[in-house]
Amino acid sequence: MNTVKFGTDGWRAVLDKDFNYENVNKVINAVSLYIYKESRYDKSIIIGYDPRNKADEFAFYTAEKLGDAGFDVKISKNIAATPVLAYNALNKNAYALMFTASHNPPEYLGIKFIPPYGGPAEDYMVKENTDNLENAFKPERKPIRIKKVSFEEEYINHLKTVIDFEKISKSNISINYDGHHGAAGKLFLRILDENNIKYNAQNIERDINFGGFMPDPKEQYLPSLKKLCKTNLLIGLSNDGDGDRFGVFDENGTFISPNDIIAMLLKHLVKNRNFTGKLAKTVGASTMLDLYAKNCGIETVATPVGFKWLGNAMRKDDIIIAGEESGGLSIKGHIPEKDGILANLLIMEMIAYSNKKLCDMHKSFLIELNRKFINKRTDLKLASKDEQDKIIEKAKELKEISGCKIVRTNNIDGLKLYLEDNSSILIRKS
């Protein structure tokens, strides 16, 4: 039985259990067949890895196998963040393989497959790679020696065209940063140093157990950052294990939800950076974003849950900012992939333009909304698909909830119920 299951972001599994050399070889064959079919040997393959246990080991093994198969392969000299690799895929018109399990528990490892447009793979690519798993690729040219390179320079140079570093530097801002022992930490500090931005940093060095916490930049996994913000009254920024998600505390140590940050950044980009276009958000993101975008005169594009849908919207529509409730975002002029490093820099840029504290900006934002939106997720484990379907079918019959009428529904991903008071409930399989 095949234990490799490709999803949008490739494949992930428990290390040394299902994530083993036998299965990695299947993935190498599948990817080789797909790339050869699409572009023969015309495009390079670039490879990166995060700090997870054996991520570098499997990355170099894969690089050698692909090189032996005749592909031009470039592998990162050191730990790399996913958005760095994604940007290089776009800039070099190359395919990319990133060895990471992102924000998942430390015992997991995975492989992200990134096409040359620098964003998540589309469904047909996932299907073709899945179909290729049991097939063997037969090389048609001699082995090529792999090259060890740094992907950081091109990414940093690109950020200079996207972020107003001069404004940030002149604002004299100082921040707290928690690297979460992930892939983004040293790179982020390098960016801050090069732009004379002051910081207090912690948890930067590699730790395959991520300090004993989930490598996810949520409030419950960042207790020391929260405490530091309360102590020195500076904002706190963090990233997940591979650097594509962000987390933020204000100067009082209050965690600000990604939903609120996305809305605030939307206003910043329109007001201060003269961006035009639309907001793209997943159906799982707060209804607050729809309301706030409308107040700003901005049209909203809603997608199913998952950044692949947001990335697709960025590639096909005029999107100012694309964001999801789990802490992923990107903006016009950047890659169609979530980028937690970019998010952190945008937050600093927003503060620099406002010349206000983040806590005061957030307070003004809530006053402008004239209401407070509260986000709560409840996970329910069910024994069968029938039980899952029954819950959704039962919800379809509802006319009101707690006396509040359901005014419309959306079924692009699960079932979302919109109530007359602008609140909403999303029920979906995860």
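Right, let's get into the overall build of the chain. Secondary structure summary: the chain contains 14 helices and 19 strands in total. For 430 residues, the compact-globule formula gives about 22 Å, and the C-alpha radius of gyration of the chain, at 22 Å, lands near that figure. Taking the principal axes of its C-alpha atoms as reference, the chain extends roughly 65 × 55 × 40 Å. Within the chain, counting contacts between residues at least 6 apart in sequence, those at least 24 apart form 69% of the total. Approximately 19100 Å² of the chain is accessible, and the part contributed by carbon and sulfur atoms is 48%. In the chain, 62 positive and 58 negative side-chain charges are present, and the distance between their average locations comes to 1 Å.

It is worth spelling out the side chain of Asn-176 at this point. Along the chain, the position of Asn-176 falls in strand β7 (residues 174–178). On the basis of relative accessibility, which here comes to 0%, the residue Asn-176 falls in the buried class. Here the side chain of Asn-176 touches Asn-200 through a polar contact of 3.0 Å, side chain to side chain.

Spatial strand order, β1-β5-β4-β2-β3-β6: six strands in an open sheet with mixed pairing. At either margin of the open sheet sits one strand with a lone partner, and together these are β1 (11–14) and β6 (147–149). Sheet twist, expressed as the average angle between the axes of neighbouring strands with direction ignored, equals 20°. Sheet strands in contact with helix α1 (residues 21–39) are β1, β2 (45–49), β4 (95–99) and β5 (108–114), and its direction is about 165° off that of β4. Lying over the sheet, helix α3 (residues 82–92) contacts β2, β4 and β5, oriented at roughly 170° with respect to β2.

The next subject is the pairing of strand β8 (residues 198–202). The sheet contact formed by β7 and β8 spans five bridges and is parallel. Paired with Asn-176 across the strands is Asn-200, a residue of β8. Note on the crossover from β7 through helix α7 (residues 185–194) to β8: the handedness is right-handed.

We now examine the state of the cysteines. All chains considered together, the criterion is met by zero disulfides. Not part of a disulfide, Cys-359 finds its nearest cysteine sulfur in Cys-229, a span of 11 Å.

Quick look at the packing of aromatic side chains now. All told, the structure shown has 15 aromatic pairs when counted by the stated rule. Judged by centre distance (4.5 Å) and plane angle (40°), the ring pair of Tyr-177 and Phe-188 falls under tilted. Placement of the pair is Tyr-177 in strand β7 and Phe-188 in helix α7, with a sequence separation of 11 residues. For Tyr-177, a relative accessible area of 0% puts it in the buried group. Consider the rings of Tyr-292 and Phe-365, whose centres lie 5.0 Å apart with planes at 70°: the pair is edge-to-face.

This brings us to empty space enclosed by the protein. Using the criterion set out here, one finds two cavities of 30 Å³ or more in the structure. When its volume is computed, the largest cavity comes out at roughly 50 Å³. Residues belonging to the lining of the largest cavity are distributed by class as follows: seven nonpolar, two polar and one charged.

Calculation rules
- Residues numbered from 1 in each chain as written.
- Predicted model: local features only at pLDDT ≥ 70, side-chain atom pairs only at ≥ 80, totals over all residues.
- Heavy atoms only, no water.
- Helix = DSSP H or I, 4+ residues; strand = E, 2+ residues; numbered from the N terminus.
- Rg over C-alpha atoms; globule rule 2.2 N^0.38 Å.
- Contact = heavy atoms within 4.5 Å.
- Areas by Shrake-Rupley, 256 points an atom, 1.4 Å probe, with all protein chains shown as cover.
- Lys, Arg positive; Asp, Glu negative; His and termini not counted.
- Charge placed at Lys NZ, Arg CZ, Asp CG, Glu CD.
- Buried < 20%, exposed > 50% of the residue type's maximum accessible area, 1.4 Å probe, protein only.
- Polar contact = N/O pair within 3.5 Å; in protein donor to acceptor, adjacent residues only side chain to side chain.
- Pairing = 2+ DSSP bridges.
- Axes fitted to C-alpha atoms, helices over the stretch in contact; angles between N-to-C directions.
- Right-handed = clockwise from strand over helix to strand, strands pointing away.
- Disulfide = S-S within 2.5 Å.
- Phe/Tyr/Trp six-rings, centres within 6.5 Å; stacked < 30°, edge-to-face > 60°.
- 1 Å grid on protein atoms, 1.4 Å probe; cavity = no way out; pocket = protein on both sides within 12 Å on 5 of 7 lines; lining within 4 Å.
- Points joined across faces, edges and corners; volume = space filled by probe spheres on them.
- Nonpolar A, V, L, I, M, F, W, Y, C, P; charged D, E, K, R; others polar.

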